[in-house]
Structure formats: C-alpha cells, structure tokens
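This is what each chain is made of:
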Amino acid sequence: MRRNLCILGSTGSIGTQSLEVVDNNDKDLCVLSMTAGDNVELFCGQIMKYEPLKVSVRSEEGAERLRKLLLERQKDREFSMPEICYGMDGFIACATMPDVHMTVAAMVGMIGLRPVIEAIRSGKDIALANKETLVTAGHIIMPMAEEYGVKILPVDSEHSAIFQGMQSGSSEEIERIYLTASGGPFRHFTAEELAAATVEQALAHPNWRMGKKITIDSATLINKGLEMIEACWLFHVGIDKIHVLVQPDSVIHSMVGFQDGSVMAQLGTPDMRLPIQYALMYPRRPKLSGGRLNFEELASICFERPNTEALKGIDLAKRSFEAGGSMTTVMNAANEYAVAKFLNREIGFLDIYAMIEYAMDHHAFIKNPSLDDILETEKETYAVLERQNGGK
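Nothing here was measured: the structure is a model prediction, and the numbers come from that model.

Focus: the overall build of the chain
Next, step 1: Along the chain, the regular secondary structure elements total 16 helices and 11 strands.
Next, step 2: The C-alpha radius of gyration of the chain comes to 21 Å, within 12% of the 21 Å expected for a compact globule of 392 residues.
Next, step 3: C-alpha extents for the chain along the principal axes are approximately 60 × 55 × 40 Å.
Next, step 4: Going through the 392 residues of the chain one by one, you find that 56% of them count as buried.

Thoughts on empty space enclosed by the protein
Next, step 1: Applying the stated criterion across every chain, the model contains 1 cavity of 30 Å³ or more.
Next, step 2: Estimates place the volume of the largest cavity at around 50 Å³.
Next, step 3: For the lining of the largest cavity, the secondary-structure elements that each account for two or more residues are α7 (157-165) and α12 (273-281).
Next, step 4: Considering every element that reaches the lining of the largest cavity, the biggest residue donor is α7, with 3 residues.

Details of the packing of aromatic side chains
Next, step 1: Per the counting criterion, the structure on display carries 9 aromatic pairs.
Next, step 2: Where F186 meets F189, the ring centres are 4.7 Å apart and the plane angle is 45°; that geometry is what we call tilted.
Next, step 3: Under the relative-accessibility criterion, F186 is labelled buried at 1%.
Next, step 4: Assessed through its relative accessible area of 22%, F189 is described here as partly exposed.
Next, step 5: Ring plane angle 75° and centroid distance 5.7 Å describe the contact between F342 and F349, whose orientation is recorded as edge-to-face.
Next, step 6: Overall, the relative accessible area of 2% leaves F342 in the buried class.
Next, step 7: Residue class for F349 comes out buried when judged on its relative accessible area of 0%.
Next, step 8: Here the aromatic residues F186, F189, F342, F349 and Y353 are joined through ring pairs into a cluster of three or more.

Regarding the sheet that holds strand β11 (residues 263-267)
What links the strands of a sheet is backbone hydrogen bonding, and the strands pair in either a parallel or an antiparallel sense.
Next, step 1: Spatial ordering of the open sheet is given by β9-β8-β10-β11, a layout of 4 strands whose pairing is mixed. Each end of this open sheet is capped by a strand with a single partner; those strands are β9 (242-246) and β11. Put simply, the sheet's adjacent strands are angled 20° from each other on average, direction ignored.
Next, step 2: The pairing of strand β8 (residues 174-181) with β9 spans 5 bridges and is classified as parallel. From the neighbouring strand, Y178 faces β9, where its bridge partner is H243.
Next, step 3: The strands touched by α7 within the sheet are β8, β10 (252-258) and β11, with β10 carrying the most contacts at an inclination of about 35°.

A few points about the packing of helix α4 (residues 87-95) against helix α5 (residues 113-121)
Next, step 1: Orientation of α4 relative to α5, taken along the N-to-C sense of each, is 35°, at an axis distance of 8 Å. Like other packed secondary-structure pairs, α4 and α5 cross with a definite hand, here right-handed. On the side of α4, the interface is formed by M88, F91, I92 and A95, while α5 contributes R114, P115, E118 and A119.
Next, step 2: Tallied by class, the residues present in the contact of α4 with α5 amount to 6 nonpolar, no polar and 2 charged.

Observations concerning the layout of surface pockets
Next, step 1: Computed from the structure, the largest pocket encloses a volume of approximately 950 Å³.
Next, step 2: In this structure, the largest pocket is lined by 48 residues; those nearest its centre are I14, A106, V108, G211 and I214.
Next, step 3: Every element with two or more residues in the lining of the largest pocket is listed here: α1 (13-24), α6 (131-147), α7, β8, α10 (212-220), α11 (222-235) and β10.
Next, step 4: The element best represented in the lining of the largest pocket is α10, accounting for 5 residues.
Next, step 5: Partitioning the lining of the largest pocket into residue classes produces 15 nonpolar, 21 polar and 12 charged.

Here's the deal with helix α13 (residues 313-323)
Next, step 1: When we look at burial in α13, the residues that qualify are G313, I314, L316, A317 and S320. One side of α13 holds all its buried residues, which, seen down the axis, span an arc of 165°.
Next, step 2: Two residues or fewer past α13, G324 is found with a positive phi of approximately 75°.

Description of the sheet that holds strand β2 (residues 29-35)
Next, step 1: One open sheet holds the 7 strands; their spatial order is β4-β3-β2-β1-β5-β6-β7, and the pairing between them is parallel. For this open sheet the edge positions go to β4 (83-86) and β7 (152-154), each flanked by a neighbour on one side alone. Geometrically, the sheet is characterised by an average inter-axis angle of 25° between neighbouring strands, direction not taken into account.
Next, step 2: As defined by bridge partners, β2 adjoins strand β3 (residues 54-57) across 3 bridges and the pair is classed as parallel. Its bridge partner being in β3, S33 is matched across the sheet by K54.

Description of the pattern of salt bridges
Next, step 1: Following the criterion strictly, the structure yields 21 salt bridges and no others.
Next, step 2: Where K54 meets E83, a salt bridge forms, and the shortest distance between an N and an O atom there is 2.7 Å. In this pair, K54 is assigned in strand β3 and E83 in strand β4, connecting sequence segments 29 residues apart.
Next, step 3: Of the charged contacts, one joins E227 and K131 as a salt bridge, the two residues approaching to 3.4 Å between their closest N and O atoms. One end of the pair, E227, is in helix α11; the other, K131, is in helix α6, with 96 residues separating them in the sequence.
Next, step 4: Given the relative accessible area of 2%, E227 is considered buried.
Next, step 5: Judged by its relative accessible area of 6%, K131 is buried.
Next, step 6: Salt bridges sharing partners connect three or more residues here, namely K131, D156, E158, K224, E227 and E230.

Procedures and definitions
Residues numbered from 1 in each chain as written. Predicted model: local features only at pLDDT ≥ 70, side-chain atom pairs only at ≥ 80, totals over all residues. Heavy atoms only, no water. Helix = DSSP H or I, 4+ residues; strand = E, 2+ residues; numbered from the N terminus. Rg over C-alpha atoms; globule rule 2.2 N^0.38 Å. Buried < 20%, exposed > 50% of the residue type's maximum accessible area, 1.4 Å probe, protein only. 1 Å grid on protein atoms, 1.4 Å probe; cavity = no way out; pocket = protein on both sides within 12 Å on 5 of 7 lines; lining within 4 Å. Points joined across faces, edges and corners; volume = space filled by probe spheres on them. Phe/Tyr/Trp six-rings, centres within 6.5 Å; stacked < 30°, edge-to-face > 60°. Pairing = 2+ DSSP bridges. Axes fitted to C-alpha atoms, helices over the stretch in contact; angles between N-to-C directions. Contact = heavy atoms within 4.5 Å. Left-handed = near helix turned anticlockwise from the far one by under 90°. Nonpolar A, V, L, I, M, F, W, Y, C, P; charged D, E, K, R; others polar. Arc of directions from axis to C-beta. Salt bridge = Lys/Arg side-chain N within 4 Å of Asp/Glu carboxyl O.

In structure tokens:
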C-alpha cells in the first residue's frame, strides 16, 4: 500500500533529504502535506514538484508571499494549487490530515512539539528527527504512542542503528548501548583552544551534512547528550546503560550489546538518506543509491573516549536527565538560545556551556511537567538568559 506522508520542516536538512527518499520510492511514498518556516522560495519549488494538498508556513505574511509566488509560477507551468495555511494551527492541520499515514517530524526546535503530539492523537506513525520531542516531553510522548497504537520510528542515524540492532533482541536483554559519535571538529581541542573557536570552525563537520544548529550541537557534544536522553525513552533503558564512543570515521553508527555477550553493530556510509529511508519504508529495505563501504580499503575501525573534560555537552545533558522533570527542557532551551547567540557571533564557544549551566542553576523545578509547563519553561529559560545577558 502506498504510504502518505506529512513532512514537517521540508526545507531543512532532514526535510530535503526526506524528499530525496520520496523520489527514490515514488511508487510507494506520496507527500500529502508539507510545512516550512521562512524559506518560501525553496518551499514554492517543492510544492510545484510534489503537489501536496495542504501546506503551511510560519507566518501569515509568509503564506501570502507563497500564494503570490505559486500563482505567478502557475502562469508558466500547470500544477495543483494546495490549501495554504500558516502558524501553529496550520502545522497541526498538515500533521493531522485524515489520509496521512506517517508524519515526518523534521522541524528544528520546540515548535515541532505540538504538531507531533496532535499527529499521534490522530493515529499517525512518527518518523522522528526532532530531538526536542523526546528530550523535553518523552514522559508524555511515549505513553501517548502506546495508547494510540502509533509507531515512533527514529530517523537519527544513531537511533536508527540501535533500532536495527534491536531486531536481534528485546529491551530487557540489553546490557549496554554503544552510542557512537564522530567527535565533531573539536574532539582533540583543549579548553584553551575552544575559547578561541570560531563559528566557521564549529560548522566544519568532518563527516555529516546537517543544518547549522545540529552541527554546532555536534561540536559541543550536546547533540550526543540529547541522543542519550532520546535513547532512554525510545528503547526503555536507563542512562547508565548508554555508553558514548567516538568513532571518527562515522562507519559504525551505533551498537547494541546484549546480555549473552553479543554486540550488534550497524555500519554504513555517513548518508542521512539511509536512516530516513529505513524509517519511511520500515520494515522494507529498498535499493538506495550512493556510496558503499569498501571493507578491503578500510584499514581499521578505531574508537576513542569522548573529550568530556573540554566538551561538556554530555555531562550537562546527563545532569538534566538525572534531575528529570522540567530540567531537560531548561537544558534544551538554554542550548537553543546559546547556539543562536554563538551563530550570530554574540558569544564565544565556551559561553554555550556557561549559559546552559546558569539556566539550570536558576530554574524553579517542576517534577512532572505538562505540555503547557514545558512550553512555559522554555519561555522562562529564554527570559532568564536575556536578563543574565543584559537584554542583548
């Protein structure tokens, strides 16, 4: 049966690569709805190609610009005009369309949380790329998915690798999860060297093609800390069972060690289309173009300990998860705030950690936050950091 998709965040890195996967499986996958932020020009081209029935952008102004662009281009080439929505209501309308089977959660940030929750309530399977969903609201999302009989299929390469490895056993049989990391561009930097790190250096990821925010998160190792939290929720294990290993070549994407001593590893080239396609086409494995590992040329596969002395992202994320409740939201929101400041060249690289620590130390903890509590905590965290940063 053809699988109908909603792609939340179609103009971002995961969204555009998801559309490449659709192209590769056009007889099996169909895009019924799509959303974007402010990149109206690119979104317009995607709409013309995939002809979804419903689309949404961030603002009313953006929706009007999109409508004008589409009408202008209709003069040169005939295509079906979609229903154009905007704002959170529009995102939710796209995510919950009656004929959609799977919603691809590729929006960056907390803005993707409500559409995912409503998609689950509507019985849609979720191809999950949005980290904030489980990091801040795993205690809400996972019970909801079970209640509504919805699959949460991971899109991150690491979680996809773990998911694939777990086809060999159950959560109860896991002894350890080995969550691999490239180490990012700063894996051998000292704290002194990190103090002078530039935006350009932080964005120069050695292996993966990703958006700016997640690339900075990789450089700080916050990304790996967030993935540890996600893995706890996805695979029903304690954080003490998750061990981070640096695998610089990104050949092994993660491993699962079972109680009988077996270790199942998933290997492949660093190509995000592979885990995306596995999620969208699960349990099938259609052919996918691209590079293949050449084991005869692969001299060795080496591992390193993560540089947690200089790169504090893993420890900060673990601290927030062990505190529980609203603390993971604070950590995540503070990181979003700080990364935006760093990308805008307003703060230094090490200030990202300092801002996260400050926000966590100045938070009024909520033990079991509701969705409204989570969203309010995000706002309060931003406000705390604005005050601490002098309103800059």
